[in-house]
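One letter stands for each residue in the lines below.
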Amino acid sequence: NQGRCECGNLLERARMETYTWWIGDEQRCYTVYTPDSTIRPQASSERLPLVFFLQCYARDCLSGLDSQQLANADRFGVYLVYASSPQGSWSWRDAIANSDEPMPCNADAGGNDYTYFEDIFTHLQSSASRHDPDQVFAY
């Protein structure tokens, strides 16, 4: 069920799949782009790095993910995971963590987005099954 999330697999973009679920009364989603193995043939058989592209301002619309980012994923042979937020900001935007104000890394401190990313990491085992869990990056 697409619901309010824009789905990559319904657009004319190959190798892109969107997954959606509910956290409480809020629908959440993320999209995985699998690199083109014809550009980097070794990407069809080896474990691949995974790069998170965090774009909360797009409010779950895939317009925040442009063709250059997809081309880079193909060029370097990496999964690209597009994560966003329906509010246009992350739930931890007001969180301060430093030596004067230490903050635990948990659902209470991180809000719904902590649970969102926890769910994504759990689901990556099936949505990006060939990713290398020792090579996960974000930008």
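For the structure itself, consult the block above.
Residues numbered from 1 in each chain as written. Predicted model: local features only at pLDDT ≥ 70, side-chain atom pairs only at ≥ 80, totals over all residues. Heavy atoms only, no water.

**Focus on helix H3 (residues 112-127)**
Next up, step 1: Taking 1.5 Å per residue, 16 residues should reach 22 Å; H3 reaches 21 Å between its end C-alpha atoms and fits that length.
Next up, step 2: Of all the bends in H3, the largest measures some 30° and sits at Phe121.
Next up, step 3: Residues of H3 that are buried: Asp113, Tyr116, Phe117, Ile120, Leu124 and Ser127. (Helix = DSSP H or I, 4+ residues; strand = E, 2+ residues; numbered from the N terminus. Expected span 1.5 Å × (residues − 1). Bend = angle between axes of the 7 residues up to and from the residue. Buried < 20%, exposed > 50% of the residue type's maximum accessible area, 1.4 Å probe, protein only.)

**Quick word on the side chain of Ser127**
Next up, step 1: Following the sequence through the fold, Ser127 ends up in helix H3.
Next up, step 2: Residue classification places Ser127 among the buried residues on the basis of a relative accessible area of 10%.
Next up, step 3: Every residue in contact with Ser127, bar those within four places of it in the chain, is listed here: Tyr19, Tyr30 and Val32. (Contact = heavy atoms within 4.5 Å.)

**Notes on the sheet that holds strand E1 (residues 16-23)**
Next up, step 1: Spatial ordering of the open sheet is given by E1-E2-E4-E3-E5, a layout of 5 strands whose pairing is mixed. Taken across any chain shown, the strands that pair with only one partner, and hence form the sheet edges, are E1 and strand E5 (131-138). The sheet shows a mean angle of 25° between the axes of neighbouring strands, direction not considered.
Next up, step 2: Relative to strand E2 (residues 26-33), H3 is tilted by about 40°, and along the sheet it contacts E1, E2, strand E3 (48-54), strand E4 (79-83) and E5. (Pairing = 2+ DSSP bridges. Axes fitted to C-alpha atoms, helices over the stretch in contact; angles between N-to-C directions.)

**Overview of the nonpolar core**
Next up, step 1: Among the nonpolar cores identified, the biggest contains 17 residues, and Tyr30, Phe52, Tyr116, Ile120 and Leu124 are the most heavily contacted of them.
Next up, step 2: Put simply, the parts of the chain that give this core at least two residues each are E1, E2, E3, E4 and H3.
Next up, step 3: When residues no more than four places from it in sequence are discounted, the contact partners of Leu124 are Tyr30, Leu50, Phe52, Val81, Ser129 and His131.
Next up, step 4: Grouped together as the second largest cluster of nonpolar side chains are 12 residues, Tyr33, Leu62, Leu65 and Tyr82 included. (Core = buried A, V, L, I, M, F, W, Y, C linked by side-chain atoms within 4.5 Å.)

**Quick notes on the state of the cysteines**
Next up, step 1: The full count for this structure, using the stated rule, is 1 disulfide.
Next up, step 2: The side chain of Cys5 participates in a disulfide bridge whose partner is Cys29; the two sulfur atoms lie 2.4 Å from each other. Handedness here is read from the sign of the S-S torsion; for Cys5 and Cys29, about -95°, the answer is left-handed. Here the residue Cys5 occupies a position in the segment before E1, and Cys29 occupies one in strand E2, the gap between them amounting to 24 residues.
Next up, step 3: Its sulfur unpaired, Cys61 is 8.9 Å from the next cysteine sulfur, which belongs to Cys29. (Disulfide = S-S within 2.5 Å.)

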